[in-house]
Each structure stands twice: as C-alpha cells, then as structure tokens.
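Here are the chains, one letter per residue:
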Amino acid sequence: MKALYSLSVFTAALLAITQLSAQVCTSDNHALDFDGNGDFIDLSPINGLAPTSDFTAEAWFFSRATTGVGQPCPSNFRRLLSFGDVASGTRLELGECGGLLNLLWAQSGSTCPNALTIPITTPSMPTGIDVRDGKCHHIAWIRQGTTVEIYYDGVSVYLNNSLTCLPPVTYFRAGHWPGGTTGTQEWQGLIDEIRLWDHARTPAQIAQYQYCLLNGQEPGLVAYWQLDQGVAGGPNNSPPITKAIDASPNGNDGMLFNFALTGTVSNFVQSCAPSVYPNYNNLDVVIQDLKWSVALIAICEGDPIHISLQCNGQPVPPAGGNVAVNWEYKDGKLGPWFGLGPANGFPNGFSFLVPQVTANCANGISHVDRYYRAQIVVDDGLGHTCTYTTREAQLQICCPITGNLTVTPSQPAPLCEGDQVTYVVQLTTNMPVPDPNNNNVHISWCVIDGNNPPQPLPGFDDMLGFTYPVSGTHTAMAPSLCFKAVISNCACPPLTLTECVKVDAKPVCNATIQALSSNLTLLSSTPWLTYEICPGEPAQLQYVGSFQNCKPSWQYSFDMVTWFDMGATNPIQNTNIVPTNWGANTSIFYQIQCKPLTNPSGCPPCISNTIEIKLKPPPTAPVLPASATICYGTSYPMNIGSQTQPGVTYTWYCNGQNIGSATFVSFKNPGCYWVEANDGCQKVFSNKFCLTVCLVTAKISCPLDPNPCACPGDPIYLTSLSTNSCGNPLDCVWSWTDSNGVPQTYTGCNLTDIPDHLNGTTYTLTVTDPITGCTGTDIKMIKPCH
C-alpha cells in the first residue's frame, strides 16, 4: 500500500491558517479593554456588506465608566458600536449615556435629527437599562430596512420600524463615534466577541450563538473579532498588535488605534464574557500515517490512517468530561454527512486509528473524495451548550485498480524468430482511463523485445488498446515479445500487467556433413555432395560445426521425400544400414534435421547440407558370342575392347580355369569360355562362349596297297576312309595326274583308276566338311607291280 504525503503543503497551509486566524482555536477568553480616551477599532471599507444592506452587530461588553451620571446626551454619550458614512455625514451609534443604554442616529444638514439619542427602556426598567451594574452583557443590534431592534442579553429591548434617517453603512467602529476625538464620548470598559452580519438575525439565531463561539464560516458573517489575541494584561506592544484579526473569510481585520497594549487597561485582558470555552471551532483535522509523522492527502482503499485534531499545528489537549466529540464524514463535496461515532466502530476522542479505510469503489470510479470533521459539543455546566465545528479535512481515497491484458498477434503463436507480425494489445480495467473526473488514473506502456531492456512506449500511454507497431510489421525476437502496462491510480500501488507472446528461437544449422571413411569416393559437389561406395560396405559420416537453438537428429531417405530419423545424434554417424533394406534403390541420402527446442513450435526445423551415397554400379559384363566352331589348327579371335570400362580388369576363364586377363584373346582349344569384369568392388561375368574345334582327317584306303600291288594296266579302287570330329559328312575330291601328264579330278569318295604302269600315280584325297569348311588331305602313291 502507498499513501501520498504532503508534509510541505500541509505545513504551509497550517502556517497560512495560523497567520489568518491566530486566535481561532484557543482556550484563552480575552477581551479588549478600552480606556475611554481615544481607544477604538476601525473597519473601513467593510468587505462583503453593501452600504444599504441589512445588518446585525453583536458583542459582549462591560462598562467601567463612572462619570456623566445625570448629564445630558449626546455630549456624555460613550459609543460602544457605531456605523457611519463619511460622504453623507450620517451615523448610527449604540452606547451608554450616564450608565444607561442609548441609541443615537444623526444626519447633518437635513431634516433628520442631529445627534438624537434615545434611551433604551423596558417595562421592567422604565428609567433605562443600567449597564454599569458590574456585569458583562450581550448586545445584538439589528437593522432591517427602516427597522432597528436591539436585544439585550437575548431579550428584545427596543424596536422601532419607522426610522427614515438611517445612514448608509460604509464604516464600522467599536469604542468610538465616526468622527474625531471626543474625550468623554468613547467607550470605557471591555468589548469582546464582536460580530457583524449582512442580514437580520432571528431571535433563535441570536440565542443559539450568544454564548457560543463562531467558526468564521457561518453564512452571512461579514466580520468576526474574537479579540482573543495576545497575552491577557501582558506586554502586547513589542511588536505591537495592530489589528483585530477577522475570523471570517472576508479579510475585515479591524485597525487598532491608541491602545497602550500593556497592563490591565487599554490592552488585551481576561474577558468577562461567559462564552463557552474551550473554543474548538476551526481545529484542524489532521490525517496522518501510522507513525503520526506526515500528513496524508491520499491513500489507497484499505489503508490505515490516524485522525487527530490540532490547533495551529499542535495537538489539542484531551477533552474534559464536559466535552463530547462527534466525528462525521461525507463523500463528495456536496454529499450528506454521516456519523463516525462508537456505533460505527469509531471512538469519540480527539484522535483515533482507522485500521482500514473503506469506500464505495464500485461502478468504475477511480477515487472517493472524503471529508472528515468533528462536531464538538461543550457544556459549560451553566445551562449553555455549544457545538463547535472543526475545519474539514479532505482525504482522497483511491480505489484499487484491476485489469486484464491481452495481446493477439497477427499469426498464431508461438511465433518464430524473424516472423513479421503485428500485435493487437487490449487492456480492460475496472475504471475508465483516462479518468473523466480526475487526472489520477494513468497507464504507462513499455515493450520488452527479446532480451532487450524494456523500451517505453510513450505514444501509447493512457491508451487502453493499440496496434503495435503503428505501421508496418515487427520482426519477432526470441524468447518473447512482452507488453507491460503499469496502471497507477493516485495513492494505490501501481498494477503491473505483463502479457507475452512466445517467440521460439530460430534453429540455426551451422554444421556441414562430410565423408569420414576413406571408402567413399566423391563423385560430385553439386547440387549436393555425392559419394560412391561399394555395396555392402559401411560408410562413416561426420558433421563439422554446430547447431543452435535446436536438437539435431540424423536422417536418411531413399527419395528425398520421406525422411527417417536415426535416433540420437552424434558428430560421427556410422551408416550401418548400407545397403540393408535398399530394395531397388541405388542411392541413399543423409542430412541432419535440427528441430526447435519446444514442441509445438512456431519455427520450422533447420536442415544441414545433404550427402548422397550411391552404390557403385557393377561393371558392364562383356557380351560374348554364344558359340563358335573352328577347324583344327586355326584359332578363334575374341576382342572385347569395345566393351571394356576404365578401371575394370577382364579375366578369362575356360571351363572354370583362369587363363589370363586380356581384352583380346585367340582360342584354339575347344571348351566354354567366359570373362570376369572386376572393378575392385564388384565382379560380373559375361555369358559363356563355347568353342568347337573340328578335326577332319583324310584317309585313302587302297585294297592293293601295298600288297598285292596292281598289275600294270589293271584298274585300282581307292576309297576314302576320312573322319570328321564334328560329325558332319565330308565331301571327297580326288586329284592326280594321269600317264599322259594330264591333271585329273574326281568328286566322290570312291575312285577307280589305272595308275601309270611305269612310274605309278600319286593320288590326293581332299575331304571337306561342307558346314564348317574344315578340310583334310591324304596322298597315296600307287605303282603297279612289274
């Protein structure tokens, strides 16, 4: 809780009150003694009283004059109170002549009587009212139109309603007539409690306040001289008291003339007026904190206060048994007064504690202006009771403020760092802002953007709602954007409301995946790093760098569409799944997805670079002819050079036996051949090539060779006994030279001929496989016997 203190203002106000009405709150009942030789009080002009206005003048007085008994008036007329007008020379005076109460009025140079005095008589006092009876008396002198009435000790003793020469009132005096020095015509004795009103007081009003002191704020009161100043009979001339202080608000201080201001004559002395004292009028109601140290001008509802009465800044002594204190309060300047007596839980002394001040803070009001006062009833034990009213003390009771703050971003929360957002900020309170009846309620706004210090928003102060920013968008910063409203209402503790929109830190992938194992061969750097690996071998990857604001996780994919998490992320990842579960895929992709620290989050994950690992394709197997047939003694050339690939070794096998590595070979032997293509990673085999070797053997069979030999001139019969390993039939062609030297040929596998009888004949048999073209030759010499 907080209260507003105003020590300096309170002190200054107290000093001002002291200077303006130093005699207001006092227990000293003084009067002013007039020595009858020039002492008087003068008031001119009279503030607040029109010259022709009705009036009532009151005073308590005591006459100690002894001379002039039996002498004529007005030469022996001692003025108690007088009114006059310098311009017209008219005057109206009240005093005593030879000890008898008299009224005098006069207007020079007119038909009105000049210095006409009228003795005041009553049926019980037909010879006049003796004021030299050694007693203090009260006088009330009323003019209303042409009527003059005088009350003596509360009883009407004179009434004349046809006085036509009543003067206008422009000045007022006590103890002296409106003119100059007149010797024995000035008041000798005491005067106290001089009151001047701007209306005719009723008998009830006169009786009500005859013994009671005024508070100075009574309606129609023009001037009020209590004359309780100074020290009774003491030295009041150093410095001299020059004025009779006016306790009304009109500033009608009376000027003192010719008073000695020392001793028991022509000075302030103890009064004989039976006014009811102590005078509790215009005591100050002081509202202070619990320590009674400073005055409060405002508190928050529910705060405690001390209430006490002070006189000119000093505590009022405890009341006696003849004093009753009735405390009252009202809410609002025009509100009705309510009691704060014991029935309401409050004491009736001069000071008390209010543990908790309550007020009607409903209906959205920001404060209640409460006024406190005390009505102090004093009984003098002689049948006179007076109610004295203190000054009012105002206390502003501030109502505690409540509210609710909402912030709505232009896109759903949580936000992501860097989002471009506008915010609708709305504050609801239990009282209007700004307060139309007072400038108490204020809102100060600030924004806390990310981790930056609060930034005031003076352009939005005292606003219940606004859009932020006014134009454009705001770039969101992690961890939040907070709007803080501090709502103050005079003395109540400020209400601080903070509403934040969560802003997730944007994941940052400052890491690059690289190949770690040496079995990865870089193929390309664009659009991502592409490596090649032998199927079945594991690959080891690592990332270099760091991740911020996120939780990294390795992922793999076969199509870069569907990614699979690989669990906890370490800087080094062993890709043990190569090539398990690849199916028909030949590439696998790796990346690190770094997810936001919170879920759900307004931020998407960040992604590292991508690495592709491709299964190294097998070499292309050469395509060989399915089979071939050659003739014995020839070879079959095989050249696979057009089908070879760099880095691939080609090894030939014949019926499973390694016969060497080459891209060009010649085969002579029958068998099945194939080639192995080996790139150091994978081996593939060509189709089998089976080679057939055909061996054609020519064989001439002659039944006569060598014995018995043919006789000269006899025919011989030659037959082909040739063979073919390929099993195909053979064509036979015979060739020879006859005895005439003519070359001869014959086609057929059986030949009948007559060899040369002298030299013999050499026969050549050529057999041919018509399918393979393989041939065989046999030569035989046949010589007839001689």
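About the thresholds
Throughout this description, residue numbers start from 1 for each chain and increase along the sequence as written. Under the rules for a predicted model, residues below a pLDDT of 70 receive no local features and side-chain atom pairs below 80 are neither given nor counted, while totals for whole chains, interfaces and linings still include all residues. Side-chain measures here rest on the full set of heavy atoms in the structure, leaving out hydrogens and waters. Only DSSP runs of H or I with at least four residues qualify as helices, and only runs of E with at least two residues qualify as strands; both kinds are numbered from the N terminus onward. Exposure classes here rest on a 1.4 Å probe applied to the protein chains alone. A residue is buried below 20% of its type maximum, exposed above 50%, and partly exposed in between. Positive charge is attributed to Lys and Arg, negative charge to Asp and Glu, and no charge count is given to His or to the chain ends. The term salt bridge refers to a side-chain nitrogen of Lys or Arg lying within 4 Å of a carboxyl oxygen of Asp or Glu. Think of a polar contact as two N or O atoms within 3.5 Å of one another; within protein, one of them needs to be a possible hydrogen donor and the other a possible acceptor, and neighboring residues in sequence only count if both atoms come from side chains. Per-residue confidence from the predictor is given as pLDDT, running between 0 and 100. Contacts are assigned to residue pairs with any non-hydrogen atoms lying within 4.5 Å of each other. Residue types Ala, Val, Leu, Ile, Met, Phe, Trp, Tyr and Cys, when buried and joined through side-chain atoms within 4.5 Å, form a set referred to as a nonpolar core.

Colleague: So what's going on with the side chain of Asp679? Which residues, and what values?
Modeller: Here Asp679 shows up in the loop between strand 53 (671-678) and strand 54 (683-685). At 4.3 Å, Lys616 is the nearest oppositely charged side chain to Asp679, a buried residue that forms no salt bridge. From its side chain, Asp679 meets the backbone nitrogen of Cys681 in a polar contact 2.8 Å long. Among the polar contacts made by the side chain of Asp679, one reaches the main-chain amide nitrogen of Gln682 at a distance of 2.6 Å.

Colleague: Residue-level account of the confidence of the model for the protein, with values.
Modeller: Counting all residues, the mean pLDDT for the protein is 88, and 92% of those residues have values of 70 or more. Predicted confidence is poor over residues 5-24, with pLDDT under 50, and the contacts of this stretch with residues over four places away or in other chains come to 34 contacts.

Colleague: An account of the pattern of salt bridges is needed here, citing residue identities and associated values.
Modeller: Under the defined criterion, the tally for this structure stands at 12 salt bridges. Here Asp42 ties to Arg173 by a salt bridge, and the two come within 2.8 Å at their closest N and O atoms. Of this pair, Asp42 sits in strand 3 (residues 40-43) while Arg173 sits in strand 12 (residues 171-174); the two residues are 131 residues apart in sequence, bridging distant segments of the chain. Residue Asp42 is classed as buried on the basis of its relative accessible area of 13%. When the shortest N-O distance is used, the salt bridge between Arg132 and Glu96 registers 3.1 Å. Note that Arg132 is positioned in the loop between strand 8 (116-119) and strand 9 (137-144) and Glu96 in strand 6 (residues 90-97), a separation of 36 residues in sequence.

Colleague: I'd like to hear about unusual backbone geometry, residue by residue, with values.
Modeller: Geometrically, the link from Ser44 to Pro45 is a cis peptide bond, its omega value of 0 degrees lying close to zero. Its location among the elements puts Pro45 in the loop between strand 3 and strand 4 (55-63). Between Tyr277 and Pro278 the backbone carries a cis peptide bond, its omega angle lying at 0 degrees. For Pro278, the location among the structural elements is in the loop between strand 17 (268-270) and strand 18 (284-288). Of note in this structure, Met560 is not a glycine but carries a positive phi near 60 degrees. Along the chain, Met560 turns up in the loop between strand 42 (550-557) and strand 43 (564-565).

Colleague: A description of the nonpolar core should follow, citing residues and the corresponding values.
Modeller: Nonpolar side chains in soluble globular proteins tend to be buried together. The biggest cluster of nonpolar side chains holds 69 residues, and the ones touching the most others in it are Ile305, Tyr372, Ile376, Tyr423, Trp445 and Phe483. Per element, the largest residue contribution to this core is five residues, and it comes from strand 25 (residues 367-379). Among the nonpolar cores identified, the runner-up in size contains 48 residues, and Leu92, Leu94, Ile118 and Val131 belong to it.

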